[in-house]
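Residue-level structural notes
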Amino acid sequence: MSQTKIMLEEKEIPTRWYNIQADMPNLPKPPLNPRTNQPIGPEDLAPIFPLELIKQEVSTERWIDIPEEVQQIYKLWRPAPLYRAHRLEKALQTPAKIYYKYEGGSPSGSHKTNTSIAQAYYNKQAGIKRLATETGAGQWGSALSMACEFFGLECTVYMVKVSYHQKPYRRLLMQVYGAEVIPSPSQLTNAGREILAVDPDSLGSLGMAISEAVEDAAMREDTNYALGSVLNHVCLHQSVIGLEAKAQLAKVDAYPDVVIGCCGGGTNFAGIGFPFVYDKIKEGNKVRVIAVEPAACPTLTKGKFTYDYSDTAKLTPIMNMYTLGHDFMPPGIHAGGLRYHGDSPLVSQLYHDGLIEARAVTQKGCFEAATLFAKNEGILPAPESSHAVRAAIDEALAAKEAGEEKTILFCLSGHGHFDLASYDTYLSGKLEDYEYPEELINKSLANLPEIK
Ligand SMILES: *Cc1c(COP(=O)(O)O)cnc(C)c1O
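The sections below set out a description of the structure shown in this document. (Residues numbered from 1 in each chain as written. Predicted model: local features only at pLDDT ≥ 70, side-chain atom pairs only at ≥ 80, totals over all residues. Heavy atoms only, no water.)

1. Examining helix α10 (residues 206-219)
Over its 14 residues, α10 runs 20 Å from end to end, which matches the ideal 20 Å to within 8%, given 1.5 Å per residue. Among the 14 residues in α10, 11 count as buried, and that is most of the element. Of the positions making up α10, those classed as buried are Gly207, Met208, Ala209, Ile210, Ser211, Glu212, Ala213, Val214, Glu215, Asp216 and Ala217. (Helix = DSSP H or I, 4+ residues; strand = E, 2+ residues; numbered from the N terminus. Expected span 1.5 Å × (residues − 1). Buried < 20%, exposed > 50% of the residue type's maximum accessible area, 1.4 Å probe, protein only.)

2. Brief notes about the sheet that holds strand β9 (residues 223-225)
Across the sheet, four strands lie side by side as β8-β7-β6-β9; this open sheet has parallel pairing. Of all strands in the sheet, those with a lone pairing partner are β8 (180-184) and β9, marking the two edges. Direction aside, neighbouring strands of the sheet carry axes that sit 25° apart on average. Pairing of strand β7 (residues 154-160) with β8 involves five bridges; the strand directions are parallel. If you follow Val160 over to β8, its bridge partner there is Ser184. In this fold helix α6 (residues 139-151) packs onto β6 (130-135) and β7, with an angle of close to 165° to the strand it touches most, β6. (Pairing = 2+ DSSP bridges. Axes fitted to C-alpha atoms, helices over the stretch in contact; angles between N-to-C directions. Contact = heavy atoms within 4.5 Å.)

3. What to know about the packing of helix α2 (residues 51-58) against helix α11 (residues 232-251)
Axis separation between α2 and α11 bottoms out at 7 Å; the angle between their running directions is 85°. Put simply, α2 runs roughly perpendicular to α11. Residue-level contacts link Leu53, Gln56 and Glu57 of α2 to Asn232, His233, Leu236 and His237 of α11. (Parallel < 35°, antiparallel > 145°, perpendicular 65-115°, else oblique.)

4. Digging into the nonpolar core
Considering soluble globular proteins, one finds that nonpolar side chains tend to be buried as a cluster. With 35 residues, the main nonpolar core has Trp17, Val70, Tyr74, Ile117, Leu131, Leu144 and Phe151 as its most contacted residues. With seven residues, α6 is the largest single contributor of residues to this core. The contacts of Leu131, once residues within four sequence positions are left out, are Ala120, Asn123, Leu144, Cys148, Leu153, Glu154, Cys155, Thr156, Thr223, Asn224, Tyr225 and Ala226. Grouped together as the second largest cluster of nonpolar side chains are 34 residues, Cys235, Val287, Leu300 and Ala358 included. (Core = buried A, V, L, I, M, F, W, Y, C linked by side-chain atoms within 4.5 Å.)

This is the structure:
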């Protein structure tokens, strides 16, 4: 069984998403209204989300049908290929088998289109005309811009100011798809104006951009908000990744000992991992499922499991999750998509309950791994995805050490074609490692909301 590229037929694309809320031993504590500290109801979310997505957010149904129209669009890039990394295995001289699920073949270059298409669809069905969102590195902004264009919706993207200037190509891609892109913090919202009044030179953060996009959506009847990570319905939509991977592995009689995903808000990790966590819960399988985060933003490994705000202006629901504190200022590491202070409540709860593992890695080792990967497999990983590559290589080297024939599966969440400037920094020897210092974490954790 030494196939390199394992495909599915079009008719084998999943027709239902998998919802882990049906099977978790403990559901996350409910999100709270940031003004009253009381559990939120659908009416709190209705000004910014369509009803179908609100229902998915709290659903405990195991399987949720993927709408026909969404399935049709998925066919543009799904089923996504699963590769066996023969050449990388050889380079590492490992007895381990390494498989990777490649999500970078989507039109915008990452897994984010799996949810952007679904979200645009449900908003269109609900009669919404325009979506507002934020983007850090630009992956989510481009995925949503494309989805909005497909469904005839307008799209406004608040892009973290530092990325707006440093990543012109991502911004241009969004503009090609027809989106309006605004550097955040901006003068267009109260949240933006308040930040600029204090710091006119603010370079922005994901937390600030979320505040602006949410305010924009709340103020206009015809506009909703869309989030590309963290939320339960986003994890749900990403389950197509793991469902397909499982079916592909079955075609070559394989099953993973270890499943790995990089973790920012946690959704590509949820996508590849949750269908295997299901096996763990339901079938007692011993599979290890590992979330990999940057040492510069160590949410799961060094954060606190508690209620926190998801944005800087405290407009969004308070969620129970691992967090570094809502005013955590992420250092300028290159994996822009992994710089969020919080984490998916579902991923957080599973980690808290010991059903998944987490590990933090520094960026130099990630670029080293990504470069070795590109040399052997050809694909240039996104800086975010390079965290998963690092962990997969480490697992393969450990297997070599132990003389174990284990099977490793990881999610290659996107390509790095728009991130070559960060490879330039790496190749010219200027990349620096950074671990977020404990005392700064403690400082920002001192500002958590007081619940009861
Ligand atoms: C956005 C992004 C991530 C991080 O988001 P998750 O919700 O943790 O998946 C990871 N990889 C790529 C390529 C991204 O664009």
